[in-house]
Amino acid sequence: GLRVGDMTTVDQRYHALMMFTKVDRSRSLQDKFRVAMLSMVKHGRFLEGEVLVLHFVSDQASQELGQRMLQEFLQDASFEYEIFFHDVVELTHELFPIVEAMQKHFSAGSGAYYSDSIFFLSVAMHHIMPESLTRIVQLDLDLKYRTNIRDLFQEFDRFPPGAVMGIAREMQPVYRHTFWQYRKENPNTRVGEPPPDGLPGFNSGVMLLDLSSMRASALYNQLLKPDNVAKLADQYRFRGHLGDQDFFTMIGMEHPELFHSLACGWNRQLCTWWRDHGYGDVFQLYYRCDGPVYIYHGNCNSPIPDD
Ligand code: UDP
Ligand code: MN
């Protein structure tokens, strides 16, 4: 159960949330979780009075396994931490009415599945979590930390006015593909073009959600409304299946000021699927990431380097 109301007594809490479902059924996810948590613990440093609060969105069987695994992974932690498990069924119930209408634009198949709502948690987190929770980072399990996770939270202080979240760009030409029709009709567009001048879209593996700003932003909350989602999806000829990252990518084309761009090193994705599926000629323009790697993201089951 969640009691975020109690979470305001200590000086400074750093909240991080991970989706953690069906983990009991997947050895591969368990291995990824081990790499993520051990690397987070290895590099994690916090000040006196600071607490890292780890939130997991989970089912019963995954929670039981997760609690056992966390006991092992966190035993050498040099910092204080707290762990909260959120019931995926309860959160889905809260989310469904808010995100139902957008699911058909950004889900595989018809998008009608109730259970798919959870893939849009980040989109409506500001309505789901208690008001006392003002900032949270959402992290995939297939990550490897190479630096102190506390440094990631410092990025919140670099948000320009109007930004509601921090997110890194997508590092494959997937949105060059998704926006194919729009790009054909608008040959000079930056939509789907590679960095540094183009708009390659976002990846949802590492996200900073400024819940206070999300609640306060009239623009952001307008964009959540079904009619406006439909309008933009029609304008951009958008049909995706990647959930929240599709929604953020689409609204980011129209309103880039809502997003603080994280350096690519904060979410260094390693998947190369699109290189071998028709985009080999432009792949490196998207994949390239200069500068230090703070977090590796072994997306699409990509191996993560050992160093
Ligand atoms: N996830 C989960 N259970 C699953 C599959 C995924 O909890 O059965 C969560 C997990 O946090 C994972 C995230 O959803 O990191 C996104 O999935 P994944 O990282 O596999 O997608 P990719 O980054 O490869 O697109
Ligand atoms: Mn991932």
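Up top is the structure.
These lines cover the structure that appears in this document, whether it is placed above or below. (Residues numbered from 1 in each chain as written. Chains lettered and ligands numbered in written order. Predicted model: local features only at pLDDT ≥ 70, side-chain atom pairs only at ≥ 80, totals over all residues. Heavy atoms only, no water.)

### What to know about the sheet that holds strand 10 (residues 295-297)
Part 1: Ordered in space as 5-10-9, the 3 strands form an open sheet in which the pairing is mixed. Looking at strand neighbours, the two that pair on one side only are strand 5 (143-145) and strand 9 (268-269), the edges of this open sheet.
Part 2: Where strand 5 meets strand 10, 3 bridges bridge the pair, whose relative direction is antiparallel. By the bridge assignment for strand 10, Lys144 is matched with Tyr296. (Pairing = 2+ DSSP bridges. Helix = DSSP H or I, 4+ residues; strand = E, 2+ residues; numbered from the N terminus.)

### Remarks on the site of ligand 1
Part 1: Residues in contact with ligand 1, as listed here, are Met19, Phe20, Thr21, Lys22, Leu29, Asp140, Leu141, Asp142, His297, Asn299 and Cys300.
Part 2: Within the contact set of ligand 1, an oxygen atom lies 3.2 Å away from a side-chain nitrogen or oxygen of Asp140.
Part 3: In the model, an oxygen atom of ligand 1 is placed 2.8 Å from a nitrogen or oxygen of the Cys300 main chain. (Near = heavy atom within 4 Å. Polar contact = N/O pair within 3.5 Å; in protein donor to acceptor, adjacent residues only side chain to side chain.)

### Thoughts on the nonpolar core
Part 1: With 56 residues, the main nonpolar core has Met102, Tyr220, Tyr236, Phe247 and Phe248 as its most contacted residues.
Part 2: Of the residues forming this core, the biggest block, 6 residues, is contributed by helix 3 (residues 88-106).
Part 3: In this view, Phe247 contacts Met102, Phe106, Val123, Tyr220, Leu223, Leu224 and Val229; residues no more than four positions away in its chain are not counted.
Part 4: In terms of nonpolar packing, the next biggest core, distinct from the first, is built from 39 residues, Met37, Leu54, Ala168 and Trp266 among them. (Core = buried A, V, L, I, M, F, W, Y, C linked by side-chain atoms within 4.5 Å. Buried < 20%, exposed > 50% of the residue type's maximum accessible area, 1.4 Å probe, protein only. Contact = heavy atoms within 4.5 Å.)

### Re the pairing of strand 7 (residues 202-209)
Residues in a regular strand project their side chains so that they alternate between the two faces of the sheet.
Part 1: Buried residues dominate strand 7, accounting for 8 of its 8 residues.
Part 2: Two strands pair when backbone bridges link them, and strand 4 (residues 136-139) and strand 7 are joined in this way by 4 bridges, in the antiparallel orientation. In the sheet register, Leu139 faces strand 7, and the bridge partner there is Val206.
Part 3: In this sheet, strand 7 lies alongside strand 6 (residues 165-169) in antiparallel orientation, the contact comprising 5 bridges. Residue pairing for strand 7: Ile167 is matched across the bridge by Met207.

### A few points about unusual backbone geometry
Both trends apply: most residues other than glycine have a negative phi, and most peptide bonds are in trans.
Part 1: In this chain, Pro195 is followed by Pro196 through a cis amide linkage whose omega measures 0°.
Part 2: Position of Pro196 relative to the elements: it lies in the loop between helix 7 (180-185) and strand 7.
Part 3: Even without being glycine, Arg237 reaches a positive phi, approximately 55°.
Part 4: Residue placement: Arg237 occurs in the loop between helix 10 (226-235) and helix 11 (244-254).

### Some words on the packing of helix 1 (residues 27-43) against helix 2 (residues 60-73)
To describe two helices that pack against each other, one gives the angle between their axes and the distance between the axes.
Part 1: Following both chains from N to C, one finds helix 1 and helix 2 inclined at 35°, their axes separated by 10 Å at the closest point. Handedness of the crossing formed by helix 1 with helix 2: right-handed. Together, Gln30, Phe33, Arg34, Met37, Leu38 and Val41 of helix 1 and Leu65, Met69, Leu70, Glu72 and Phe73 of helix 2 make up the contact between the two elements. (Axes fitted to C-alpha atoms, helices over the stretch in contact; angles between N-to-C directions. Left-handed = near helix turned anticlockwise from the far one by under 90°.)

### As for the state of the cysteines
Part 1: If you walk through the whole model with that rule in mind, you get 2 disulfides.
Part 2: Sulfur-sulfur distance for the disulfide between Cys264 and Cys289 comes to 2.1 Å. Residues Cys264 and Cys289 share a disulfide whose torsion about the S-S bond is about 90°; that sign makes it right-handed. In this pair, Cys264 sits in the loop between strand 8 (259-261) and strand 9 while Cys289 sits in the loop between helix 12 (283-287) and strand 10, placing the two residues 25 residues apart along the sequence.
Part 3: Owing to a relative accessible area of 13%, Cys264 belongs among the buried residues under this scheme.
Part 4: Owing to a relative accessible area of 13%, Cys289 belongs among the buried residues under this scheme. (Disulfide = S-S within 2.5 Å.)

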